[in-house]
Amino acid sequence: MRRPARDRPLLAIAYDDGAVSPGEVAVALAELGDVVFLVPDTAHVASMRPVLTRIGEVRDLSGDARADAEAVRQLAPDALVTFSERMIRATAELARSAELPYHSPDTALLLTDKTRQRAALRAAGVDDLRTAPLDSLADWPAAFAHVGLPAVVKPVRGAGSRHTHPVRDEEEALRVLTEIFTDLPPAPSGEPRLTLEEMLVGRDRLPLGDYTSVESLCGPEGVTHLAVSGKFPLVAPFREPGRYWPIQLPEDERLAVLDLVTRALEALGVQHGLTHTEVKLTPDGPRLVEVNGRLGGHVNGLARTSCGVDLVHAAVLQALGRPTGLGPLRPDRVHFQHNGLAPLRPCRLVSVDGAAAVRGMAGISGYRTFVRPDEQLPGGVMTRELDVLWGVADTHEEMVRLVRDALENLHYTFDFTDPRDGVRPPGGPTGLRTVAASSCGAWQDLPAPEPACEPIRGAARGLAPEPIRGPALEPAPEGAS
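Please read these numbers as outputs of a predicted model, since none were measured by experiment.

Turning our eyes to something else, we now look at the packing of aromatic side chains. Taken as a whole and judged by the stated rule, the model has six aromatic pairs. Measuring from centroid to centroid gives 5.8 Å for Phe 232 and Tyr 244, while their planes differ by 55°, and the two rings are tilted. Placement of the pair is Phe 232 in the loop between β10 (222-231) and β11 (242-245) and Tyr 244 in strand β11, with a sequence separation of 12 residues. According to the relative accessible area criterion, Phe 232 is buried, its value standing at 0%. When the ring centre of Trp 443 is taken as reference, the NZ or CZ atom of Arg 404 above it lies at 4.5 Å.

A few words now on unusual backbone geometry. The omega angle of the peptide bond from Leu 149 to Pro 150 is 5°, so this bond is cis rather than trans. Take Pro 150: it is sitting in the loop between α7 (140-147) and β6 (151-155). In this chain, Leu 206 is followed by Pro 207 through a cis amide linkage whose omega measures 15°. With respect to the helices and strands, the residue Pro 207 is situated in the loop between β8 (194-198) and β9 (211-219).

Here we take up the sheet that holds β9. One key point about sheets: their strands pair by backbone hydrogen bonds, in either a parallel or an antiparallel sense. The strand order β13-β12-β9-β10-β11-β14-β18-β16 describes an open sheet built from eight strands, whose pairing is antiparallel. Strand pairing shows two members of the sheet lacking a second neighbour, β13 (285-292) and β16 (364-369), which therefore form its edges. Neighbouring strand axes in the sheet, compared pairwise and without regard to direction, differ in orientation by 25° on average. As defined by bridge partners, β9 adjoins strand β12 (residues 273-282) across eight bridges and the pair is classed as antiparallel. Along β12, the bridge assignment pairs Thr 212 with Val 279. Contacting β9, β11, β14 (334-338) and β18 (387-393), helix α10 (residues 299-307) runs over the sheet at an angle of about 30° to β11.

The next thing to look at is the pairing of β13. Across the eight residues that make up β13, a large majority, six, are buried. Where β12 and β13 come together, seven bridges link them in antiparallel fashion. Considered in β13, the bridge of Glu 278 is made with Glu 290.

Time to look at the pairing of β14. Counted residue by residue, β14 has five buried out of five residues, so it is predominantly covered. Side-chain alternation along β14 places Val 334, Phe 336 and His 338 on one buried face and His 335 and Gln 337 on a second face that is also buried. Judged from the four bridges that link them, β11 and β14 form a sheet pairing that is antiparallel. Looking at β14, one finds that Gly 242 is bridged to His 338. Here five bridges tie β14 to β18, and the two strands are oriented antiparallel to one another. Directly across from Gln 337, in β18, lies its bridge partner Trp 390.

What follows is about the pattern of salt bridges. Using the criterion set out here, one finds 28 salt bridges in the structure. A salt bridge links Arg 294 to Glu 85, with the shortest nitrogen-to-oxygen separation between them at 2.8 Å. One end of the pair, Arg 294, is in the loop between β13 and α10; the other, Glu 85, is in the loop between β4 (79-82) and α4 (88-98), and 209 residues separate them in sequence. In this structure Arg 294 comes out as buried when scored by relative accessible area, which is 1%. Glu 197 serves as the salt-bridge partner of Arg 118, at 4.0 Å between the closest nitrogen and oxygen. Taken together, the residues Arg 118 in helix α6 (residues 114-123) and Glu 197 in strand β8 connect sequence positions 79 residues apart. For Arg 118, a relative accessible area of 3% puts it in the buried group. Among the ionic contacts, a cluster of salt bridges with common partners joins Arg 118, Asp 127, Asp 128, Lys 154, Glu 197 and Arg 287.

The rules we used
Residues numbered from 1 in each chain as written. Predicted model: local features only at pLDDT ≥ 70, side-chain atom pairs only at ≥ 80, totals over all residues. Heavy atoms only, no water. Phe/Tyr/Trp six-rings, centres within 6.5 Å; stacked < 30°, edge-to-face > 60°. Helix = DSSP H or I, 4+ residues; strand = E, 2+ residues; numbered from the N terminus. Buried < 20%, exposed > 50% of the residue type's maximum accessible area, 1.4 Å probe, protein only. Lys NZ or Arg CZ within 6 Å of the ring centre and 35° of its normal. Pairing = 2+ DSSP bridges. Axes fitted to C-alpha atoms, helices over the stretch in contact; angles between N-to-C directions. Contact = heavy atoms within 4.5 Å. Salt bridge = Lys/Arg side-chain N within 4 Å of Asp/Glu carboxyl O.

Here it is as structure tokens:
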């Protein structure tokens, strides 16, 4: 496909709520080309449209696949990427129409449908986790017979742990499924709404998390694993409170994780762009949780602060067919991000106190809130981030102490009164409550501080990162895990 001669490349971003904010796009691409946002009709896009129009042109997608494909062909951008989970399938179709490198539509389907992804991984001999589709309560007996308990119920499509629950007995499973099916809209014809998966149990790594994610860049030369992200412990039921680089793993286990992810990406046919693969660290070795066909939430902010590398810039550079020059990113110190998590029960955020004191703490690089005072929080099991705290430490032990101390100095006040009728809901918290941020962050499910971390083994060194382009940027407020 011939493209018109231009003074600067035209960079198309299929945009919706996701792992990268408009500000990150503006900083990363200012010197690279002119930005055009391809956007669906969603509430998030409507709220962000004034910001998007200050950064570049905004083109509306109609939702008609053929019409949108023709519109993008006429636009003839020089590159097309997305950082939004919900836009991956549409972007694959648009890229194919415009003859641009991206996931193929078949690969995009595998990356966004958990049942198909598991089937492909099983067929390739990569991972044999037991799974079964669920589209109604009538599917439960067969799913239970195949998967067994304990298990995890999760949507076939989605991110951020929305509608994701552990189930340990049949009574709990039927209650959870009834609630989810009542709330979840019907899936497209032929697609189940939920999947039941065998529950993976991680090995005890407290005070650090028992899982990791691998951030990879796939291209014509193959797969480059940029980083293995360490995690803070999950908060019940499956909410993610933060991440850090470098991870603390024995070298043989780190290499086993990378080998597993490489084989998974090959099995799914991933050939272009950034991926974010989650892995459980079990006593029997690493096991795949899921492969995501886009940049992980907040990962670009971590790459910028720890290594001076902008992954949004790298993704678009690669989409233009230019070399990125990137290899494994290994910071010399421990860089971390911690997210406070909204309560499971609906409430209103009244205030956040102690932010100035936390920003002044040694080792804390910054603190930013994502929720304004008086904002309603809907509750539920989805990961909803109240804020981000980021900093740097010399060791993992020091990182844990820094985060714990900061969370004790930060306080949230919530109002659990039902805004519809002014009545305090029965059970659980009621009325106004002020709590330390530690009650809403990592380790909130643990009764007391845990022992110190094991010393890190096999940590590699030596990276000459490219300089940060533009001013320092805080992590995106709406990350996808």
